[in-house]
Structure formats: structure tokens, C-alpha cells
Amino acid sequence: MINDSFHYQAGSLWGDGVALDTIAEAVGTPAYVYSATRLLNNVHRLQTAFAPLSPDIHYSIKANGNLALLRLLKDAGLGMDAVSAGEIYRAQQAGVDPAHIVYAGVGKTRTEIAYALAAGVGWFNVESHAELQLLNTLAGETGQTAQVALRLNPGIQAQTHHHIATGHFGAKFGMTPDIIQDILAHRADYAHLHIAGLHIHIGSQLGDVRETVEAVRAAQALAAPYADMRTLNIGGGFPVHYTASDEYPPPEAFATALVPALDGWQLMIEPGRSIVADAGMLLVSVLYIKEQGGQRFVISDGSMTELIRPALYDAIHPVIPVRVSDQAANHEAKPAIVVGPVCESSDVLHRGALLPPLVAGDRLAVMVAGAYGMVMASNYNMRPRPPEVLVEGDTWRVIRRRETWQDVLQFEM
Ligand SMILES: Cc1ncc(COP(=O)(O)O)c(C=O)c1O
């Protein structure tokens, strides 16, 4: 999907002020390319939409944790949402003040909790009774008081892919209302905790605002008897448009529904995808064209090891040519299946791409790939992970170099 940052100029695709061909020639393909401008515009859009509630925004590192991106987001005033002690460490390396980190996760280990306490993270989003007790014990041992938001599983089925729905009973996340009620009634038992808020995250890429409002209402009902519990962290989940025909509510629709509902509450949000997805794309090159069985396979050097979302979630990432100078060729666009070299039938980047005639060496752009792309990249088939490049206006720099075979083997004895 084309946007203000990734756009065609004189027949070739640019990222802001840099031709993507220039980057490909310098670093090779496959390569991730991010636009700093788009990233920060997405932040600004959320800040503006929710401005009446002055929300604390914590960027969800899991969506894309590259240090250079974290630094940009920290400088834009964002805190960080971490789901492991490793992500806390990553945020610290980016210069983030641990007080501005919220720590979530259904399976925090004793070591991780101890690390987070020592670092001084701002909030622990606690997901079980047992975790709460362990946190209380560990905080007591170090003479600390940990600030806690209890993660509610409201039993609400979000409208999204079943792999990324998290708020229904049956999901491993959060605690059911009866458990939360019980904990709140016994808050005084946790001498080393300040249980000050509730946390809900019912899923990612949410198709409707109604379930979020419903979840907020459920959380508010639980917190209502406790006047000092007026912080509500609603997680992430703001959807992005992957294709031109996608119809998802914009962040403004969530804000319109939530602002009146949250009057008098301190709102926290943890967006990941909506900040970074359309600020990134994966640049690949055509290796071979194979026409058989009535299909046109475009075999690219990019694969499921760089971008697993199509294989994992049936996600659709538009694939577009980097050069469109030949208008006649574009009129001849025909369906193609864009695949990678990995030995799996599921190694498909896009099944229904409409692409002009292509030859080996042509470059393609796999769009809206900034979120849950590089973070899920693997070395399967002994494929070194790709470089990441950041475009800032009309300059660009490598923010993670391409791995080598030696890098991949370095931990093996
Ligand atoms: C607890 C929590 N917060 C925030 C997020 C980020 O969600 P998104 O990328 O949809 O904004 C996730 C994603 O899974 C999550 O589990």
C-alpha cells in the first residue's frame, strides 16, 4: 500500500526522499526499509486522537524492537511495553527510563521479575494470582513496592484472526473477572504491591471498536468500588490497512468511542502495529519466473524467514514493483504467486499479486511489513536474517546489518 512516505516518483518507488533502488544496490536484498517520517506521523496521529485523555503511550516493543526505532519513539515521548526481561534490557539499551516501561506477559520467570524490579520498571501487568504472589515476595525481599495493573480477561471475543485474539475465555491471557474481584477485595494482603490499575488487551488488528468499549466497561465495573483505581491500560490492537480494500476503524474511531467512556480515568495504551506496520516494507528481488499448471510463480529472494505473517496468519501484504516506468507493461499486469526459496509449501509472500511482466533481477516491495516482520525473522534453511535500513528524509542508514553464515553459527559448539 502506497502512502505519503512510500510513493512512486518518476516511475520508481521511493521511501520519503530516497529511491529504494539506491538502498537495494547498496545493501542487497532482501532488506527491510523503514520510514522515520511515517513512524513519527503514526505516533502523532494517536497522540492527537486521544489528546483529550492525555494518555500515557507505551510502544509495544514486540512489534519491532530495533534500537534505532526505539530511540526515535522514546524521543517522541513514548514509554515502552515489554513482554520479557530481554525487551526491558533492549529498551534500556535504547536509553529508555525504566520508569516508563510497562512489563506484561503471562509467563514471567522469577529471574525476569527480579530483573524488572532491580531495573525499576514503572508497571507490572500481572496475569495470574500466582504471579502476583511471587511479585509480592520478590518486591518484599528487595524492600520495594511494585506498581501493578491486573490484566483482566473480560471474556470478550474480539473481531480478528483467531491467532491474535486474546480477550476471550479460553485464551491464556489475563484473569477472569471473579479472580480480579477476589484479588481486589484482598489488596491489603499484598504489602509490597501497589495495585493501582487494570489492564486489558483483547487482541491485535481489531475489526470493531465495540468489543474494546465493552471490555473497558467490564474493567471499570470491577474497579468502581476502589476510588484509587482509576488507571486503565487498554493495550494495543489499533488496526492498520494492509490492502486498499481493507475496512478497519481508524484510531480516531477508537478515540471517539473511548474518550467519553474514560472521563475521569487515566488512560494508558500500548500500540505496536499501528505505529510501525506501514512505516516499513521488505525489499526483495526476483530470482526466477516459473509458469506452470496455469499459475505464474514469481520466485523471489525474500521468504517466510524474513516475513512469516502470510504463512502464519494468512496475512495479505501487497507486493508491488519497485519500477513502473514502463506504463505499457503495467497494463499487462497479471496474477502471480510470489514465493520464496524456502523448502515449505507455505513459503508464499503473496498469493494474489497483480504484477506486470517481470524478469530476474527486478525488484519488488512487500508492503506494510514494519510490524511483526523482522522480529519474527528466523534462520530456517540457514538463511541469514536481512539488514534493516532507516530512511530519515533524504538520507538513509543501516540500523542492523545483514547476518552472515558465521553469525548464524556463532553459538554452536
Ligand atoms: C499486552 C499487549 N499489548 C500491546 C500489544 C500490541 O498490539 P498491537 O501491535 O496490535 O498494537 C500486544 C500484542 O500482542 C499485547 O499482547
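Residues numbered from 1 in each chain as written. Predicted model: local features only at pLDDT ≥ 70, side-chain atom pairs only at ≥ 80, totals over all residues. Heavy atoms only, no water.

(A) Region of interest: the sheet that holds strand S2 (residues 12-15). On the basis of which strands lie adjacent, the open sheet formed by 3 strands has the order S1-S2-S3 and antiparallel pairing. The open sheet has two free edges, formed respectively by strand S1 (6-9) and strand S3 (18-19), since each of these has just one partner strand. Summarising the sheet, S2 and S3 pair through 2 bridges and their orientation is antiparallel. In the sheet register, Trp14 faces S3, and the bridge partner there is Ala19. (Pairing = 2+ DSSP bridges. Helix = DSSP H or I, 4+ residues; strand = E, 2+ residues; numbered from the N terminus.)

(B) Just the sheet that holds strand S11 (residues 231-233), in detail. What the 8 strands build is a closed barrel, ordered S5-S6-S7-S8-S9-S10-S11-S12; its pairing is parallel. Direction aside, neighbouring strands of the sheet carry axes that sit 30° apart on average. With 3 bridges joining them, strand S10 (residues 193-199) and S11 adopt parallel strand pairing. Bridged to Leu198 within S11 is Leu232. (Axes fitted to C-alpha atoms, helices over the stretch in contact; angles between N-to-C directions.)

(C) Here's a closer look at the site of the ligand. Contacts to the ligand come from 14 residues, most closely from Ser204, Glu270, Gly272, Arg273 and Tyr372. Within the backbone of Gly237, one N or O atom sits 3.1 Å away from an oxygen atom of the ligand. At 2.6 Å from a nitrogen atom of the ligand is found a side-chain nitrogen or oxygen belonging to Glu270. Relative to its unbound accessible surface of 400 Å², the ligand loses 92% to contact with the protein. Partitioning the shell around the ligand into residue classes produces 2 nonpolar, 7 polar and 5 charged. (Near = heavy atom within 4 Å. Polar contact = N/O pair within 3.5 Å; in protein donor to acceptor, adjacent residues only side chain to side chain. Areas by Shrake-Rupley, 256 points an atom, 1.4 Å probe, with all protein chains shown as cover. Nonpolar A, V, L, I, M, F, W, Y, C, P; charged D, E, K, R; others polar.)

(D) Broad picture of the domain arrangement of the protein. Split into domains, the protein comes out as domain 1 (6-35 + 277-409) and domain 2 (36-272). Distance between the C-alpha centres of domain 1 and domain 2: 32 Å. Taken residue by residue, the interface counts 27 residues in domain 1 and 21 residues in domain 2. Here domain 1 meets domain 2 over a buried area of about 1,900 Å², counting both sides, of which 55% is carbon and sulfur. Of all residues in domain 1, Asp278, Tyr313 and Tyr372 bury the most surface against domain 2, accounting for 28% of the area lost on that side. There are 1 salt bridge connecting domain 1 and domain 2. Residues Asp278 and Arg38 are paired through a salt bridge, measuring 2.8 Å at the closest nitrogen-oxygen approach. At the junction of domain 1 with domain 2, the criterion picks out 11 residue pairs in polar contact (both at pLDDT 80 or more). Breaking the side of domain 1 that touches domain 2 down by element, the ones donating at least two residues are strand S4 (31-35), helix H11 (309-313), strand S19 (388-392) and strand S20 (395-400). Residues belonging to the side of domain 1 that touches domain 2 are distributed by class as follows: 14 nonpolar, 5 polar and 8 charged. (Domains from an automatic or database assignment. Contact = heavy atoms within 4.5 Å. Buried area = accessible area lost by both parts, 1.4 Å probe. Salt bridge = Lys/Arg side-chain N within 4 Å of Asp/Glu carboxyl O.)

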